[in-house]
Structures are given as structure tokens and as C-alpha cells.
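Observations on the three-dimensional arrangement
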Amino acid sequence: MKIRSVTVFCQPGFPVNRLLLQQVGIFANHARKLYQDNGFEVQSLRLATPPFEQFIAPIDLPLAAQSYAIEAHADGFEYISLGPVSSNSKAWEAIPLALAKSDRIFLSGNLTTLDGGVSLPAARACAETIVRLSSLEKDGFANLRFCALANVPANTPFFPAAYAQPGRPSFAIAMEAADLALQAFSQARTFEEASSNLVAKVEKHAKQLEEIGNRLSQMYNYEFKGLDFTLAPFPEETISIGRALESLGVEAFGRPGSLLASAFLTSTLDQAQFKRTGFNGLMLPVLEDSGLASSASDGKLSLRDLLLFSSVCGAGLDVIPLPGDTTAEELIPILLDLAALSLRLNKALTTRLMPIPGKNAGEMTEFDFAFFANSRILPINSAPLSGKLTGNEEIKITARKANKS
């Protein structure tokens, strides 16, 4: 188990408040040292600002992205999220221009509105952004740094979804802990034992992580928002969430039974007691997990399967390789489905889709990237919408209410 990131939330503004940036940089580097001194490897330090439209004019976003990439990195932050563009914004076109300035910058866009609506214009703008980003860098890599948000609150430490609320600095911890699930489930003889194993492992680590977080909070007067124990994987067999779920008895993740296994894992995580922020669920990033990549390559895991599992998981559709000629019109229905699922179930979901230039469905990706496992390109199996779904409305979706006796 590792700490994927110590994420600091603050508002340095633009032009950047150098003094504030230096102060939170000192904090972040001290946090890394304290966690590492206590046996937790910290992969990265990250900075998340409020949604950029609150303090940056869209025309200045590329310049601001370049400035943040240089200045925040100088204070120890490997990656910076400038937050989401609002669903009704006209700033979507600035996103590719900003992401072209640095591979340290992350951005996102809202598919849903504050009053519980799915925005048809936002889905269209988001789909067009994904297509534009797919040709920005080799292998469509710019889409690694952009995602669509549905119902995602502030103070989520995982990127690209992270953004801050206005106010004094705060921080949260994102975990890379798929290996805990694999260990807990593989060692168990029953589901009850598997559940208690995982809860015990999570709570044991969470207690120590919280103690350090609270100590840092007292020292710096920065609010500790909590832990996101979403079981993020790494492309090794021993850190695969796909393999962890298969150890429960599923023939291959994606086959029937996978939904039950996914629901069991997220239900188990809900039982663990710790200070929470973010998703705290099941992350299924195809290209970041060797088990998921293998299932996708073998034809046992599809895009629609992953959307189905999003109904019980905690993050949504993540780093899914798609054909390079995927059109915005084909992406829009997928984005709308995920947004509707998020609002109807009242849960946070994201979408990070990666059309790979020059690749067709069924072909293998050719990434040379330590954090990715190569997999086959998944067919998108989507068609353009028509009629009212091509309009400019915001469709109200209310959360499901339980029947009252």
C-alpha cells in the first residue's frame, strides 16, 4: 500500500501568490517526510485550486497553466489541478490550449448542474474536448489529464477530479491500496472473513494516517479533510483490483458475477471507520490495472460493462482506450448515461476516455509508461443521438427515493 498523493487545496490566485505557494509547498514537503518517516511511501505532491473560472479569465487560462506548472513545481508539487469548467461555460475551448502548455496541469469539466440537471451542451462540449485532446500528444496522452465530472464535490484528492473550495488551505490523502483487497480476499475462506480482513487492514492503516494528518493540521492550521481509500491499482499483478475481485470466485473480471463482487467490495469499504473525503469506493482504470487490461484484451470486459459496474463502484469510467477515429457524436451518449447514473444514484462519478490515434478496436496499445498496462482498444459501440437529445436543455434527474410504508 502506498499514498498516491498528498493533495493540498488552496487558492493562490492569478497572478500566482508566491508567498502562499511557498507556504503550502513547505507544508506539503513536510507532510511527505512525516508520512515516509512512518513507513508510508508517498508517490506525489499535488495542488488543487478552486474552479479556474473563479479567478482566471478563460483567455488567460493557457498563460496561467504555464505559470502554475513552473511556479508550483518549484515548490515541490508534481501535478496541479486548476479545477473544472462549469457546465454552462464558454471556456471549454481553452482547455486544450492550457493542457498543451504543460504535462503537469490537469483540468476537468462538469456534465451536471448544481441543481441536479444533466447538461446537453456540456456533454457536447466535453466530447469535443476529448476528441481535440486525443490528437494533442502522442498516443492520445493529453486525455490522461482531463476528465468529465458528474456530481463530484470539492476536496476529492484524486486527479483529474480534484478541486478546492475558497478559503484557507486544506489537504487530503489519496491511497494506492488495491493490494490490501487482494491480500484480504485471497487469504479468506468465506465472504464474511474476506470482509472483516479488508476492514481490519483499512482501519489499521487509516488510524496511523489520520494521526499524522491531525498532527500536521495542528502544526499548520490547515484543515485535514480526510482520506480517500478508493482502492487504486498499479499495473502489477499484486496491486490489481481486477485480480482481487477475481479471487472472490469470478472466472474473469467482466464476466457475470463481477457486479456482485464489485458491490461486495464497496459495501465492505463502507463499513470501515475513518475520516472520509472523495470517492472511497472502487476504481476500475483499465490501463492502470494489469488484471483489468487483461480482461479487456481477452474480450471479457467492455465499455458497457464498466458503465454497469459504475452503479456500484466509486469512480466511474477511467482511462479506457478507444479507437482513434472516435467522434464527439459517439462520445456524447456515454457521457450522458454516466451523468444520469450519477444523479439518479446520488453519487460522484467521473469519465476519463482515451481515443488512441491511429488505433482501431481490437488493436493493442503501445504505451511505454510505468503507470500503464497495455491493452486492446475497446469498441465504443455508440451511435449519434437525435431529436430532443441534440438540443440545448438541462435535463432534471432526481435521486431515487425509497418507498415509504
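Preceding block: the structure.
Residues numbered from 1 in each chain as written. Predicted model: local features only at pLDDT ≥ 70, side-chain atom pairs only at ≥ 80, totals over all residues. Heavy atoms only, no water.

1. Points about the overall build of the protein chain
The test is simple: Each helix is a run of H or I in the DSSP string that is no shorter than four residues. Each strand is a run of E no shorter than two, and both are numbered from the N terminus. It is over C-alpha atoms that the radius of gyration is taken, and the globule rule equals 2.2 Å times the number of residues to the power 0.38. Only the protein chains shown count as cover for residues, and the accessible areas themselves come from Shrake-Rupley with a 1.4 Å probe. The charge count includes Lys and Arg as positive and Asp and Glu as negative, but it does not include His or the ends of the chains. To locate a charge, take NZ of a lysine, CZ of an arginine, CG of an aspartate or CD of a glutamate.
Regarding its fold elements, the protein chain presents 11 helices and 11 strands. Over its C-alpha trace the protein chain gives a radius of gyration of 20 Å, about what one expects of a compact globule, namely 22 Å for 405 residues. Judged by the C-alpha coordinates and their principal axes, the protein chain covers about 55 × 55 × 50 Å. Just so you have it, the protein chain exposes about 16100 Å², and 49% of that area is on carbon and sulfur atoms. Side chains of the protein chain carry 36 positive and 41 negative charges; the gap between the two charge centres is 5 Å.

2. With respect to the pattern of salt bridges
Counted only if it meets this: Note on definitions: salt bridges are taken to be side-chain nitrogens of Lys or Arg within 4 Å of carboxyl oxygens of Asp or Glu.
If you walk through the whole model with that rule in mind, you get 17 salt bridges. In this structure, Arg-4 engages Glu-176 in a salt bridge whose closest nitrogen and oxygen atoms are separated by 3.3 Å. Taken together, the residues Arg-4 in strand 1 (residues 2–9) and Glu-176 in strand 7 (residues 170–176) connect sequence positions 172 residues apart. A salt bridge links Arg-32 to Glu-78; its shortest N-O distance comes to 3.0 Å.

3. Regarding the packing of helix 6 (residues 191–220) against helix 8 (residues 258–271)
To keep things clear, this is the line we draw: Lines fitted to the C-alpha atoms define the axes, with helices restricted to the stretch that makes contact. Angles between their N-to-C directions range from 0 to 180 degrees. For classification purposes, angles smaller than 35 degrees are called roughly parallel, those larger than 145 roughly antiparallel, those between 65 and 115 roughly perpendicular, and all remaining angles oblique. The handedness criterion is simple: a crossing whose near helix is rotated anticlockwise from the far helix by less than a right angle is left-handed, and one whose near helix is rotated clockwise is right-handed. Whether two residues are in contact is decided by their heavy atoms, any of which lying within 4.5 Å being enough.
Running from N to C, helix 6 and helix 8 point in directions that differ by 45°, and their axes come no closer than 9 Å. Put simply, helix 6 runs oblique to helix 8. Remark: the crossing between helix 6 and helix 8 carries right-handed chirality. Where helix 6 approaches helix 8, its residues Phe-191, Ala-194, Ser-195, Leu-198, Val-199, Val-202 and Glu-203 are matched on the opposing element by Phe-264, Thr-268, Leu-269 and Gln-271.

4. As for the sheet that holds strand 7
This is how the line gets drawn: What makes two strands pair is DSSP finding at least two bridges between them.
What the nine strands build is an open sheet, ordered 8-7-1-2-3-4-6-10-9; its pairing is mixed. In this open sheet, the two strands that pair with only one neighbour each are strand 8 (223–228) and strand 9 (316–323). Strand-to-strand twist of the sheet, defined as the mean angle between neighbouring strand axes without regard to direction, takes the value 25°. Looking at chain direction, strand 9 and strand 10 (residues 349–356) are connected through six bridges and run parallel. Of the residues in strand 10, the one forming a bridge with Pro-321 is Met-354. The sheet strands contacting helix 1 (residues 18–37) are strand 1, strand 2 (45–48) and strand 7, and the helix crosses strand 1 at an angle near 160°.

5. A short note on the side chain of Lys-359
Heads up, the condition is: Whether a residue is buried, partly exposed or exposed follows from its accessible area with a 1.4 Å probe, protein chains only, as a fraction of its type maximum: under 20%, in between, or over 50%, in that order. Definition of a polar contact: a pair of N or O atoms within 3.5 Å, with one able to donate and the other able to accept a hydrogen when the atoms are protein atoms, and with sequence-neighbouring residues admitted only if both atoms are side-chain atoms.
For Lys-359, the location among the structural elements is in the loop between strand 10 and strand 11 (394–396). Judged by relative accessible area, which is 16%, Lys-359 ranks as buried. A distance of 2.5 Å separates the side chain of Lys-359 from the side chain of Glu-366, its partner in a polar contact. Here Lys-359 is in contact with Pro-323, Gly-324, Met-364, Glu-366 and Ile-377, once residues within four sequence places are set aside.

6. Examining the environment of Pro-379
Along the polypeptide, Pro-379 turns up in the loop between strand 10 and strand 11. Sequence separation of Pro-379 and Thr-326 is 53 residues, and the distance between their C-alpha atoms is 9.4 Å.

7. Regarding the packing of aromatic side chains
The test is simple: Here a pair means two rings of Phe, Tyr or Trp (six-membered ring of Trp) with centres within 6.5 Å. Their orientation is stacked below 30 degrees between planes, edge-to-face above 60, and tilted elsewhere. Criterion for a charge above a ring: Arg CZ or Lys NZ at most 6 Å from the ring centre, at most 35 degrees from the ring normal.
Considering all chains together, one arrives at 19 aromatic pairs under this definition. Note on Phe-234 and Phe-371: the rings are 5.5 Å apart at their centroids and 85° apart in plane angle, and the pair reads as edge-to-face. On the criterion of sequence distance, the pair formed by Phe-234 in the loop between strand 8 and helix 7 (241–246) and Phe-371 in the loop between strand 10 and strand 11 is long-range, its members being 137 residues apart. With a relative accessible area of 13%, Phe-234 lands in the buried category. The ring of Phe-159 carries Arg-46 above its face, with NZ or CZ at 5.1 Å from the centroid.

8. Observations concerning the pairing of strand 4 (residues 105–110)
As a reminder, the rule being used: Crossover handedness is defined by viewing with both strands directed away from the observer: a clockwise path from the first strand over the helix to the second marks the crossover as right-handed.
Counting buried positions along strand 4 yields six of six residues, so the element is predominantly enclosed. Across the two faces of strand 4 the burial is the same, with Ile-105, Leu-107 and Gly-109 and Phe-106, Ser-108 and Asn-110 all buried. In this sheet, strand 4 lies alongside strand 3 (residues 79–85) in parallel orientation, the contact comprising four bridges. In the strand pairing of strand 4, Pro-84 is matched with Ser-108. Between strand 3 and its parallel partner strand 4, the chain crosses via helix 3 (residues 94–99), and the hand of that crossover is right-handed. Across four bridges, strand 4 lies against strand 6 (residues 146–150) in parallel orientation. Bridge pairing in strand 6 places Ser-108 opposite Cys-147.

9. Focus: helix 11 (residues 328–345)
Keep this limit in mind: To estimate how far a helix should extend, the number of its residues minus one is multiplied by 1.5 Å.
Taking 1.5 Å per residue, 18 residues should reach 26 Å; helix 11 reaches 26 Å between its end C-alpha atoms and fits that length. Buried within helix 11 are the following residues: Ala-328, Glu-330, Leu-331, Ile-332, Pro-333, Ile-334, Leu-335, Leu-336, Leu-338, Ala-339, Ser-342 and Leu-343. In this structure, the buried side of helix 11 is in contact with strand 5 (117–119), helix 4 (120–134), strand 6, helix 10 (303–309), strand 9 and strand 10. Positive backbone phi, approximately 55°, marks Asn-346, located one or two places after helix 11.

10. So, the pairing of strand 1
Counting buried positions over the eight residues of strand 1 gives seven, a clear majority of the element. Relative to strand 7, strand 1 is paired through seven bridges, and the arrangement is antiparallel. For Ser-5, the partnering residue across the bridge sits in strand 7 and is Ala-174. Strand direction decides the pairing type here: strand 1 and strand 2, joined by four bridges, are parallel. By the bridge assignment, Val-8 is partnered in strand 2 with Leu-47.

11. Looking at the nonpolar core
In plain terms, the rule: Among the buried residues, those of types Ala, Val, Leu, Ile, Met, Phe, Trp, Tyr and Cys that are joined through side-chain atoms within 4.5 Å form a nonpolar core.
Counting residues in each nonpolar core, the largest one holds 116 residues, and the members touching the most others are Tyr-35, Leu-47, Phe-185, Phe-229 and Ile-241. When residues of this core are assigned to their parent elements, the largest contribution, nine residues, is made by helix 11. Those residues within four positions of Leu-47 in sequence are excluded, and the remaining contacts are Val-8, Cys-10, Leu-21, Val-24, Tyr-68, Ala-72, Phe-77, Tyr-79, Ile-80, Ser-81 and Phe-159.

Purely geometric stuff here, so don't read any function into it on its own.
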